[in-house]
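Commentary on secondary and tertiary structure
Here is what each chain is made of, one letter per residue.
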Amino acid sequence: MSDDTTDGAAMARETVLGIDIGGTKMAAALVSADGTILTGDRILTPRGDADEVFAALAELIKRVRGDVTPLAVGIGSAGPVDQQHGLVSPVNITGWRNFPLVDRVRALTGDVPVALGLDGHCFALGEFWGGAGRDAETLLGIVVSTGVGGGLVVDGKPWIGQSGNAAHIGHVVVDQDGESCACGSFGCVEAYASGPRMVARAKRRGWRTDEDVDAAVLAADAAAGDALALAVFDDGAQALAAGIVATAVTVDLTTVVIGGGVAKAGPVLFDPVQAWVKRLAQLPFVADLTVEPAQLDNAGLLGAAHLAWASVA
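Residues numbered from 1 in each chain as written. Predicted model: local features only at pLDDT ≥ 70, side-chain atom pairs only at ≥ 80, totals over all residues. Heavy atoms only, no water.

Think of a sheet as strands paired side by side through backbone hydrogen bonds, with each pair either parallel or antiparallel. One open sheet holds the 5 strands; their spatial order is β10-β9-β8-β11-β12, and the pairing between them is mixed. Among the strands making up the open sheet, the edge pair consists of β10 (157–159) and β12 (290–293). Adjacent strand axes in the sheet meet at a mean angle of 30 degrees when their direction is disregarded. Pairing between strand β8 (residues 139–144) and strand β9 (residues 148–154): 6 bridges, direction antiparallel. When the sheet's bridge partners are listed, glycine 141 is paired in β9 with glycine 151. Where helix α4 (residues 119–130) meets the sheet, it contacts β8, β9, β10 and β11 (255–259), and its direction lies at approximately 50 degrees from that of β9. The strands that helix α9 (residues 267–280) touches are β11 and β12; relative to β12, the one it contacts most, it runs at about 165 degrees. (Pairing = 2+ DSSP bridges. Helix = DSSP H or I, 4+ residues; strand = E, 2+ residues; numbered from the N terminus. Axes fitted to C-alpha atoms, helices over the stretch in contact; angles between N-to-C directions. Contact = heavy atoms within 4.5 Å.)

In this section: the packing of aromatic side chains. Taken as a whole and assessed by the stated rule, the structure comprises 2 aromatic pairs. Aromatic side chains phenylalanine 54 and phenylalanine 99 sit 5.8 Å apart centroid to centroid with 45 degrees between the ring planes, which places their arrangement in the tilted category. Of this pair, phenylalanine 54 sits in helix α2 (residues 50–65) while phenylalanine 99 sits in the loop between β6 (87–88) and α3 (101–109), placing them 45 residues apart in sequence. Phenylalanine 99 shares its class with phenylalanine 54; the two are buried. Here the aromatic rings of tryptophan 96 and phenylalanine 99 are separated by 4.6 Å at their centres, their planes lie at 5 degrees, and the arrangement is stacked. The same class applies to tryptophan 96 and to phenylalanine 99, which are both buried. One aromatic cluster in this structure is built from Phe54, Trp96 and Phe99. Between the NZ or CZ atom of arginine 104 and the centre of the ring of phenylalanine 54, over which it lies, the distance is 4.4 Å. (Phe/Tyr/Trp six-rings, centres within 6.5 Å; stacked < 30°, edge-to-face > 60°. Buried < 20%, exposed > 50% of the residue type's maximum accessible area, 1.4 Å probe, protein only. Lys NZ or Arg CZ within 6 Å of the ring centre and 35° of its normal.)

On inspection of all chains with the given rule, the structure shows 10 salt bridges. The shortest N-O distance in the salt bridge between glutamate 179 and arginine 197 comes to 3.3 Å. With glutamate 179 in the loop between β10 and α5 (189–193) and arginine 197 in helix α6 (residues 195–204), this pair connects stretches of sequence that are 18 residues apart. Since its relative accessible area comes to 22%, glutamate 179 is described here as partly exposed. One salt bridge connects arginine 201 with glutamate 179, and the closest N-O pair in it is separated by 3.2 Å. Here the residue arginine 201 occupies a position in helix α6, and glutamate 179 occupies one in the loop between β10 and α5, the gap between them amounting to 22 residues. (Salt bridge = Lys/Arg side-chain N within 4 Å of Asp/Glu carboxyl O.)

Attention now moves to helix α8 (residues 227–251). One full turn of an α-helix is made of 3.6 residues, so residues set three or four places apart face in the same direction. The terminal C-alpha atoms of α8, which comprises 25 residues, lie 36 Å apart, in line with the 36 Å expected from a rise of 1.5 Å per residue. One side-chain oxygen of the residue at the start of α8 lies 3.0 Å from the amide nitrogen of leucine 228, identifying that residue as aspartate 226. Following α8 by one or two positions, aspartate 252 adopts a phi angle in the positive range, close to 65 degrees. (Expected span 1.5 Å × (residues − 1). Polar contact = N/O pair within 3.5 Å; in protein donor to acceptor, adjacent residues only side chain to side chain.)

The biggest cluster of nonpolar side chains holds 42 residues, and the ones touching the most others in it are Ile142, Phe233, Ile244 and Ile258. Breaking this core down by element, the ones donating at least two residues are β8, β9, α5, α6, α7 (215–223), α8, β11 and α9. Take this core: its biggest share by element is 9 residues, from α8. Those residues in contact with phenylalanine 233, other than ones at most four positions away along the chain, are Met198, Ala215, Leu218, Ala219, Ala222, Val262, Ala265, Val268 and Leu269. Counting residues in hydrophobic clusters, the runner-up holds 29 residues, among them Leu60, Ile61, Val81 and Val114. (Core = buried A, V, L, I, M, F, W, Y, C linked by side-chain atoms within 4.5 Å.)

In a packed pair of helices, the relevant descriptors are the angle between the two axes and the axis-to-axis distance. Look at α4 against helix α10 (residues 299–311): their axes get within 6 Å of each other, and the N-to-C directions meet at 85 degrees. The angle between α4 and α10 places the two elements in the roughly perpendicular class. Listed contacts from α10 to Cys122, Phe123, Leu125, Gly126, Glu127 and Trp129 of α4 are Ala299, Gly300, Leu302, Gly303, Ala304, His306, Leu307 and Trp309. In terms of residue class, the contact of α4 with α10 is made up of 9 nonpolar, 4 polar and 1 charged. (Parallel < 35°, antiparallel > 145°, perpendicular 65-115°, else oblique. Nonpolar A, V, L, I, M, F, W, Y, C, P; charged D, E, K, R; others polar.)

Look at the link from glycine 79 to proline 80: it is a cis peptide, with omega at 10 degrees. Positionally, proline 80 belongs in the loop between β4 (73–77) and β5 (81–82). Phi is positive for alanine 167, close to 65 degrees, though the residue is something other than glycine. Position of alanine 167 relative to the elements: it lies in the loop between β10 and α5. Judged by relative accessible area, alanine 167 falls into the buried class, the value being 19%.

The following block contains the structure:
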């Protein structure tokens, strides 16, 4: 993210603050109406209680804002979220349960509109605004990282549902007798396709059992031809494909964009996902279902900024 020396008062007239909160990292940026990031930064998401996590976010916001009061603030957070009351309970941020994120951020940024959205919704909106989904009227965006998030853009608009949690694809059940999930259910997409769960499954099968490794190492081994690593990625890809096809036949869409840290595995993930989608998507209206990698490194952040701009439109 680049810094900008634009005068603070002028910047305030033409920028919003976008915030992207996930289980691995938190990012914030001042963003112009055309989607240009003027100044921004990111940090690792702390492990701690509610106030410790928010203190780190507050310091990030302060550093990015400087003396600028943005026109509005948009927040994309891991979920579930309670849009009506401005609360968040991210599955992968255990310190926040019914945390009053909107009120706490508003207290930092002044009396400006603060829009809250699910991180997956913001990712999809960002890719629709300026990434791989910009030519699609309807698309499903998926973030595969610490968890698996999702969002839908339908007829050019984010489809959020009555609670703000629509398209929570990571918690679509694809195996009712499957592994337990952090959400409390069983056999969810996230239980098979998230980075930490793939690593844990590989270790149970004997992969690098004495090493502190992550999904990037698993992906590198898979790319090098390690049979066990490839099998674990195939398991994750099958779960993702099942969730994708279930969503596609429900919503009637043909475009899917996948991003997040695990998606950086490239063909190791996308080749089996596309193969499984082709195998599972048999109805004629989803026969042309396409799955593409995200084009933006900061789609969630830009999607959050898009929510902020919409709040003052």
